[in-house]
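# Descriptive analysis of the structure
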Amino acid sequence: MAKVLVVTSGKGGVGKTTTTAALGAALAQGGQNVVVVDFDVGLRNLDLVMGAERRVVFDLINVVQGVAKLPQALIRDKRLENLWLLPASQTRDKDALTDEGVGRVIAELSPRFDWILCDSPAGIERGATLAMRYADEAVIVTNPEVSSVRDSDRIIGAHHRRYPRNPRYPVARHHSREPGRAQGLQCRLAGDAE
């Protein structure tokens, strides 16, 4: 049974997709079977970061809606044989994702993989909440700036209120010009979550 981890944040552009791809590659290099799932419907980028943009035929929405079977939509990484991608749709609306459909996809992926990493869109709208819905853990990605930290704190609160079964929230930070200040923000936010 796979462990489901969501990589999320309140802000866009903080490094969620890069973090998802890097975590997926690191786990795969460690011998784990990993699938990374892009939940950013309409604005997918995980396929670009992983070098698979020209290999997308079917996507998450196609699987949710029954247009394609899961094996048709999964893309194996060319460098790591135990790393897979399930891309988001570039042309559909986020409303095409349903709780039932996402649950079905996660349930179908779970016996095949050790890890399911969900790359969440920014914020607390439908795509983000569905990405968080089935997560065992959440990694919060933030920048060392007040608005990014505040929005990350809101994500932690929203996740914990909806899905209180796991109160652990590792915090990743990116783009620090002042490492000491950023470390302080990271520790304070992580401490508040515990």
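So, here's what we can say about the structure. Keep in mind that this is a model prediction, so the values were computed, not measured.

## Here's the deal with the environment of asparagine 33
Here asparagine 33 is to be found in the loop between α1 (16-29) and β2 (34-38). Asparagine 33 sits in the partly exposed class, given a relative accessible area of 33%. Spatially, the C-alpha atom of asparagine 33 lies 5.1 Å from that of aspartate 114, the residues being 81 residues apart in sequence. If we ignore the near neighbours within four places in the chain, the residues touching asparagine 33 are Asn82, Arg112, Phe113, Asp114 and Trp115.

## Some details on the environment of serine 9
Mapped onto the elements of the fold, serine 9 is located in the loop between β1 (3-8) and α1. The sequence separation of serine 9 and valine 149 amounts to 140 residues, and the corresponding C-alpha distance is 9.1 Å. Once you skip the residues sitting within four places of it in the chain, serine 9 turns out to touch Val14, Lys16, Pro121, Ala122, Gly123, Val141, Ser152 and Ile155. In this structure the side chain of serine 9 is engaged in a polar contact, spanning 2.7 Å, whose partner is the backbone oxygen of valine 141.

## Regarding the pairing of strand β4 (residues 83-86)
Residues Leu83 and Leu85 line one face of β4 and the alternating positions Trp84 and Leu86 line the opposite face, and both faces are buried. Bridge count for β2 against β4 is four bridges, and the pairing is parallel. Its bridge partner lying in β4, valine 36 is registered against leucine 85. Where strand β3 (residues 75-76) lies against β4, two bridges are found, and the strand directions are antiparallel.

## Focus on the pairing of β2
With five of its five residues buried, β2 lies for the most part within the structure. Of the two faces of β2, the one carrying Val34, Val36 and Asp38 and the one carrying Val35 and Val37 are both buried. Taken together, the five bridges between β2 and strand β5 (residues 115-119) define a ladder with parallel strand orientation. Following the sheet pairing, valine 35 is matched in β5 by isoleucine 116.

## Things to note about helix α6 (residues 126-133)
Of all eight residues that make up α6, six are buried, and the element is covered over most of its length. Buried within α6 we find Gly127, Ala128, Thr129, Leu130, Ala131 and Met132.

Rules used in this analysis
The residue numbers shown here count from 1 along each chain, following its written sequence. Owing to the predicted nature of the model, reporting of local features is limited to residues with pLDDT of at least 70; listing and counting of side-chain atom pairs is limited to 80 or more, with chain, interface and lining totals taken over all residues. Side-chain measures here rest on the full set of heavy atoms in the structure, leaving out hydrogens and waters. Only DSSP runs of H or I with at least four residues qualify as helices, and only runs of E with at least two residues qualify as strands; both kinds are numbered from the N terminus onward. Any residue under 20% of the maximum accessible area for its type is buried, any over 50% is exposed, and the rest in between are partly exposed; the area is computed with a 1.4 Å probe on protein chains only. Residues count as neighbours in contact if any of their non-hydrogen atoms are within 4.5 Å of one another. What qualifies as a polar contact is a pair of N or O atoms within 3.5 Å, subject to a donor-acceptor requirement within protein and to the restriction that residues adjacent in sequence count only when both atoms come from side chains. Two strands qualify as a pair provided DSSP detects at least 2 bridges between them.

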